[in-house]
Amino acid sequence: QVQLVESGGGLVQPGGSLRLSCAASGLIFDLATMGWYRRAPGKRHVGWDQQAPGPQRELVAAVTSGGSTNYADSVKGRFTISRDNAKNTVYLQMNDLKPEDTANYYCKADLDGMDSWGRGTLVTVSS
């Protein structure tokens, strides 16, 4: 059974930084595309990633097994996704945070067309 456990969320002031982590187990991590998604509290995003299962979430960043990355326009230049295959962990470094980045952040693993989701970690950007 695939398990994804996010950590690193919290309260931060505008302009601050946070690093989210997602520890994965129960899958061949090296082969999976890993992504970070978010959904603002109390809102339902109608994002451009229509394949997300369950409540719609906005794709923030993703990294393939080969290391290719892509980002939402709203976070380019501020967020960096990375993976450590030795630790089965994917990270999201978030810099210059803005109030509009406030959301629940979810980790997703995509392996052979099967998606698995973590339970999320809340990031609140407020002064």
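In case you missed it, the structure is sitting above this.
A short tour of the structure in this document, coming up. These numbers come from a predicted model, not from an experiment. (Residues numbered from 1 in each chain as written. Predicted model: local features only at pLDDT ≥ 70, side-chain atom pairs only at ≥ 80, totals over all residues. Heavy atoms only, no water.)

In this structure the tally under the stated criterion is five salt bridges. With a shortest N-O distance of 2.9 Å, Glu58 and Arg38 are connected by a salt bridge. Taken together, the residues span a long stretch of sequence, with Glu58 in strand E5 (residues 58–63) and Arg38 in strand E4 (residues 33–39) at a distance of 20 residues. The residues Glu58 and Arg38 share a single accessibility class, namely buried. For the salt bridge of Arg78 with Asp101, the shortest nitrogen-to-oxygen distance reads 2.7 Å. With Arg78 in the loop between strand E6 (69–71) and strand E7 (79–84) and Asp101 in the loop between strand E8 (89–94) and strand E9 (103–111), this residue pair connects regions lying 23 residues apart in the sequence. Taken as a pair, Arg78 and Asp101 share a single burial class, namely buried. Residues joined by salt bridges that share partners form a network here, namely Arg38, Glu58, Arg78 and Asp101. (Salt bridge = Lys/Arg side-chain N within 4 Å of Asp/Glu carboxyl O. Helix = DSSP H or I, 4+ residues; strand = E, 2+ residues; numbered from the N terminus. Buried < 20%, exposed > 50% of the residue type's maximum accessible area, 1.4 Å probe, protein only.)

What follows covers the nonpolar core. Soluble globular proteins tend to pack their nonpolar side chains together in the buried interior. Judged by nonpolar contacts, the single largest core of 30 residues is most densely connected at Met34, Trp36, Val90, Leu92, Met94 and Tyr105. Elements that contribute at least two residues to this core include exactly strand E3 (18–25), E4, E5, E7, E8, E9 and strand E11 (121–125). Examining the composition of this core, we find that five residues originate from one element, E9, more than from any other. (Core = buried A, V, L, I, M, F, W, Y, C linked by side-chain atoms within 4.5 Å.)

Another point: unusual backbone geometry. At Asn88, a residue that is not glycine, the phi angle is positive and equals roughly 55°. On the secondary structure map, Asn88 appears in the loop between E7 and E8.

What follows concerns the side chain of Ser21. One can find Ser21 in strand E3. Dropping the residues within four chain positions of it, Ser21 is found in contact with Val5, Glu6, Ser7, Trp36, Thr89, Val90 and Tyr91. (Contact = heavy atoms within 4.5 Å.)

The next point concerns the packing of aromatic side chains. What the rule picks out here adds up to one aromatic pair. With a centroid separation of 4.9 Å and an interplanar angle of 65°, the aromatic rings of Tyr37 and Trp117 are classed as edge-to-face. Pair noted here: Tyr37 is in strand E4 and Trp117 is in strand E10 (residues 114–117), with a separation of 80 residues, a long-range link. A relative accessible area of 4% means that Tyr37 is categorised as buried. The ring of Tyr106 carries the charged tip of Arg57 above its face, separated from the ring centre by 4.1 Å. Directly above the aromatic system of Phe29 lies the positively charged group of Arg83, at a separation of 4.7 Å from the ring centroid. (Phe/Tyr/Trp six-rings, centres within 6.5 Å; stacked < 30°, edge-to-face > 60°. Lys NZ or Arg CZ within 6 Å of the ring centre and 35° of its normal.)

A word on the environment of Gln3. The residue Gln3 is located in strand E1 (residues 3–7) in this model. Gln3 gets classed as partly exposed once you look at its relative accessible area, which sits at 46%. Gln3 sits 22 residues away from Ser25 along the chain, and the two C-alpha atoms are 5.3 Å apart. Contacts of Gln3, omitting those with residues within four sequence positions, involve Ala23, Ala24 and Ser25.

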